[in-house]
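Residues per chain are reported as follows:
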Amino acid sequence: MTGIPAFRIEFDGHPATAADLARFVMVSSYGHFTAMQVRGRAVRGLDFHLERLERATRELFGTGLDGGRVLDAVRHALGDDVDASVRVNVFRPDEAGDVSLMVTVRGPGPAPSGPQSLMSVDYQRPVAQVKHVGGFAQGYFGNAAHEAGFDEALLVGPGGVISEGAITNVGFADGDTVVWPDAPALHGITMRVIQREMDAAGLPWRHRRVTVADVESFDGAFACNSRGIAPVGRLDDLILPTDVDLVKRVIGLFDSAPWDAL
């Protein structure tokens, strides 16, 4: 372990220059990214990250993105660091040219320290299947939730239909089954790792329309993102149980999921 890495930015395998940053600023409102936690130079769900970047690059720019190129860029940006938070942004500095990769490296992100509290807000992300840049509304509602004493905002559409958190996915415990909201949302990497591990363990999960009014009928809930998983202890004024066997099982499955070497 080399300690906490200094914040650094690289573009296409070289340290950022003023020209690189200027080009990025000019086009930064259109692009996509993935964020990952690196431990021991390994990442959970690495194939899912590469698949996400490839799929979104085709959708936004009409071209593929080789996974080997992404891995080379991440390895180079990490240098000798073994534990870090890494973000890979994909953008196109020239409309007629190839896409570029901006890789940022900073210190490891801490896992949730306890049960999470969610504040419902009336918002759903546009083009929700893409982890796109320009998340002003997510930041706005996330900050509003924090100022109101909550950990996270829960994005809700017409009729109170739940889609996702501002920076998380949410799952609900229904007996022995995990229910994911069936609404436009990003299929997060941690969510996909959980689903893969549940399949391997023979535990059922499914997508279903879930409204805010439905939440009290579930046994419990959890929120997850690249930093980990935590039970949900409160949604608005509703207190939820956190000592739920299925939620604890899901957390255990994720904690024991394999790490993929970079």
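The rules we used
Residues numbered from 1 in each chain as written. Predicted model: local features only at pLDDT ≥ 70, side-chain atom pairs only at ≥ 80, totals over all residues. Heavy atoms only, no water. Helix = DSSP H or I, 4+ residues; strand = E, 2+ residues; numbered from the N terminus. Expected span 1.5 Å × (residues − 1). Buried < 20%, exposed > 50% of the residue type's maximum accessible area, 1.4 Å probe, protein only. Contact = heavy atoms within 4.5 Å. Pairing = 2+ DSSP bridges. Arc of directions from axis to C-beta. Core = buried A, V, L, I, M, F, W, Y, C linked by side-chain atoms within 4.5 Å.

Chemist: Would you mind showing me how to read helix α2 (residues 46-61) here?
Modeler: Residues that lie three or four places apart on an α-helix share one face, since the helix turns once every 3.6 residues. Compared with an ideal rise of 1.5 Å per residue, which puts 16 residues at 22 Å, α2 spans 22 Å between its outermost C-alpha atoms and is within 8% of the ideal. Considered for burial, the residues of α2 that qualify are L46, F48, H49, L50, R52, L53, A56, T57, L60 and F61. Against β3 (32-38), β4 (42-43), α3 (67-78), β5 (84-91), α5 (189-201) and β16 (260-261) lie the buried residues of α2.

Chemist: Got a minute to help me understand the pairing of strand β9 (residues 162-165) in this structure?
Modeler: Consecutive side chains of a regular strand alternate in pointing toward one face of the sheet and then the other. Where strand β8 (residues 152-156) lies against β9, three bridges are found, and the strand directions are antiparallel. Bridge pairing in β9 places L154 opposite G165. Between β8 and β9, which follow one another and run antiparallel, lie five residues, and G159 among them has a positive phi close to 75 degrees.

Chemist: What should I look at first to understand unusual backbone geometry in this one?
Modeler: Trans is the common state for peptide bonds, and a negative phi is the common state for residues other than glycine. Positive phi, close to 50 degrees, is recorded for D12, a residue that is not glycine. Position of D12 among the secondary structure elements: in the loop between β1 (8-11) and β2 (14-15).

Chemist: Please clarify how helix α4 (residues 136-147) should be interpreted in this entry.
Modeler: Over its 12 residues, α4 extends 16 Å from the first C-alpha to the last, a length consistent with the 16 Å expected when each residue adds 1.5 Å. Buried within α4 are the following residues: A137, Q138, F141, G142 and A145. Down the axis of α4, the sector holding all buried residues measures 130 degrees, keeping them to one side. Opposite the buried face of α4, by more than 90 degrees, sit the exposed residues F136 and E147. Residues of α4 that are buried in the fold lie against β7 (116-122) and β8. Residue G149 follows α4 closely and has a positive phi angle near 95 degrees.

Chemist: What should I look at first to understand the nonpolar core in this one?
Modeler: The nonpolar side chains of a soluble globular protein tend to be buried, and buried together. Core analysis: the largest hydrophobic core is formed by 26 residues, its most contacted members being L78, V86, V88 and L262. Those elements giving two or more residues to this core turn out to be β3, α2, α3, β5 and β6 (100-106). In this structure, L262 is in contact with V38, R41, A42, V43, L46, L71, V74, R75 and L78, ignoring residues within four places of it in sequence. By size, the runner-up hydrophobic cluster in this structure holds 21 residues, among which are F48, W180, L246 and V247.

That is the geometry; function is a separate question.
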